[in-house]
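Topology and contacts: notes
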Amino acid sequence: MTGMDIFRIPVERLLLLIVASLVIFAAMNLLPGDPAAVMLGLDASPESLTALHHQLGLELSLPSRYAHWINAFLHGDLGRSYIYDVPVSRLIGERLQSSLPLILLAMLLSLGTGIPLGTMAAANRGTALDNGLMGVIQLFKSIPDFWLAMMMTFLFSLTLHWLPSSGFPGWGEGIAPALRALTLPAIALAIPQAAITARFMRSSLIETLSQDFIRTARAQGYSRGGVLWRIALPNALIPVLTLAGIQLPVLVTGTIIVESVFSLPGCGKLLLEAVNQRDIPVVQNLVMLIVTAVMILNVLMTALVRWLDPRLGTES
């Protein structure tokens, strides 16, 4: 990778962040409805609305409000929630205690399930096992998150009573109760992504097994298992890591539905509530933080993939 290539990536990410901030700001500030009226109710007097507009800075022009928001965001000031009247940073920090472990657990389940299933299918390509696995994977890939979450709640919580159906006790109650509360939501969030990972892993491994260096390894006396596990699998995993970076935003957005179904006090549920209540500081800053975090993780994932396979860094 040349010095110009290294310089180009941050500029592109920066431009994407600027575009994302403009879209987020426009989506919340150009929608019909008055946040002050939502806060004060239908019977609020014009004087009260005017005073609240001034307090919230809603009387400023849109460019001024955008500039004020971005400047505060860059300085770490996320403002105060209109509805809860507490710092937005405090709200998000509290909700991350359930959302972040949920996303990480779902990602681990997705990779930990999808990679072995895809490997098994590729190793038995064309057999009944391969066809059966692909049929099940296609089924789970097409199941909506909300329907899967409801069915799992009905089966494992209401019928079998194995796991709690809703709520989050907090990490202060112990690791085991917290993980039990996150198990069903994480599985519901991970299953569709695990199906995608399995299909991608199968395709990547089949393609890798058809490469010239695999035939060379077989000619040198490597066993079938040695070729598969020691040579083909590590090379086939590199594209899967790229897929994991792409799946991360899907998992983040999926938490909005899953947290609502399981009544988890996470960032997804907070975002949904804030949108319904026109809590502009919460929505703007939370979405911007999510976009920024996802972009940083994608950059790190890209760097990891290029470090594992230096050939990718030389491609234009």
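Preceding this section is the structure that the text describes.
Residues numbered from 1 in each chain as written. Predicted model: local features only at pLDDT ≥ 70, side-chain atom pairs only at ≥ 80, totals over all residues. Heavy atoms only, no water.

Things to note about the pattern of salt bridges
Cut-off, in case you're wondering: Salt bridge, as used here: a side-chain nitrogen of Lys or Arg that lies within 4 Å of a carboxyl oxygen of Asp or Glu. Going along the chain from the N terminus, every DSSP run of H or I of four or more residues is numbered as a helix, and every run of E of two or more is numbered as a strand.
In the structure shown here, the tally under the stated rule is four salt bridges. Of the charged contacts, one joins E94 and R90 as a salt bridge, the two residues approaching to 3.4 Å between their closest N and O atoms. Of the two residues, E94 and R90 both sit in helix α5 (residues 88-123), four residues apart, roughly one turn of that helix.

Digging into helix α11 (residues 267-276)
Our working rule: To sort residues, take the accessible area from a 1.4 Å probe on protein chains only and compare it with the maximum for the residue type: under 20% means buried, over 50% means exposed, and anything in between is partly exposed. Arc definition: directions from the helix axis to the C-beta atoms.
Along α11, the positions that sit buried rather than exposed are C267, G268, L270, L271 and A274. Buried residues along α11 cover an arc of 160 degrees about the axis, so they all sit on one side. Among the residues trailing α11, R278 stands out with phi positive, at a value near 55 degrees.

Considerations on the nonpolar core
The criterion, for reference: Throughout this description, the term nonpolar core refers to a set of buried Ala, Val, Leu, Ile, Met, Phe, Trp, Tyr and Cys residues connected via side-chain atoms within 4.5 Å. Contact between two residues is taken to exist if any of their heavy atoms lie within 4.5 Å; hydrogens are not considered.
W69, I92, L270, V282, L286 and M288 are the most contacted members of the largest nonpolar core, which totals 28 residues. Of all elements in the fold, only α1 (3-29), α3 (46-56), α4 (62-74), α5, α11 and α12 (280-308) reach the threshold of two or more residues within this core. Ranked by residue count, the leading element in this core is α12, at six residues. Those residues in contact with V282 that lie beyond four places of it in its chain are S81, V88, L91, L270 and A274. Residues A106, L148, F168 and A178 belong to the second largest nonpolar core, which totals 26 residues.

Description of the layout of surface pockets
Going by this rule: Grid points spaced at 1 Å over the protein atoms alone were grouped into cavities, where a 1.4 Å probe fits but cannot get out, and pockets, open sets with protein on both sides within 12 Å along at least five of seven lines, with lining residues defined by an atom within 4 Å of a point. Grid points are joined across faces, edges and corners, and a volume is the space filled by probe spheres set on the points. Each residue gets one of three labels, nonpolar for Ala, Val, Leu, Ile, Met, Phe, Trp, Tyr, Cys and Pro, charged for Asp, Glu, Lys and Arg, and polar for the others, Gly among them.
Of the voids in this model, the largest pocket is the one considered here, and its volume is about 700 Å³. Lining the largest pocket are 30 residues; nearest its centre among them are I103, V252, I290, A293 and V294. Elements with a minimum of two residues in the lining of the largest pocket: α5, α10 (224-261), α11 and α12. Looking at the lining of the largest pocket, the element that brings in the most residues is α12, giving 10 residues. Split into classes, the residues belonging to the lining of the largest pocket amount to 23 nonpolar, six polar and one charged. Reported here for the second largest pocket is a volume of approximately 540 Å³. Lining of the second largest pocket is provided by 23 residues; of these, L56, H68, R80, Y82 and P281 occupy positions nearest its centre. Listed by contribution, the elements that provide at least two residues to the lining of the second largest pocket are α1, α3, α4 and α12. Across the lining of the second largest pocket, the residue classes tally to 11 nonpolar, eight polar and four charged.

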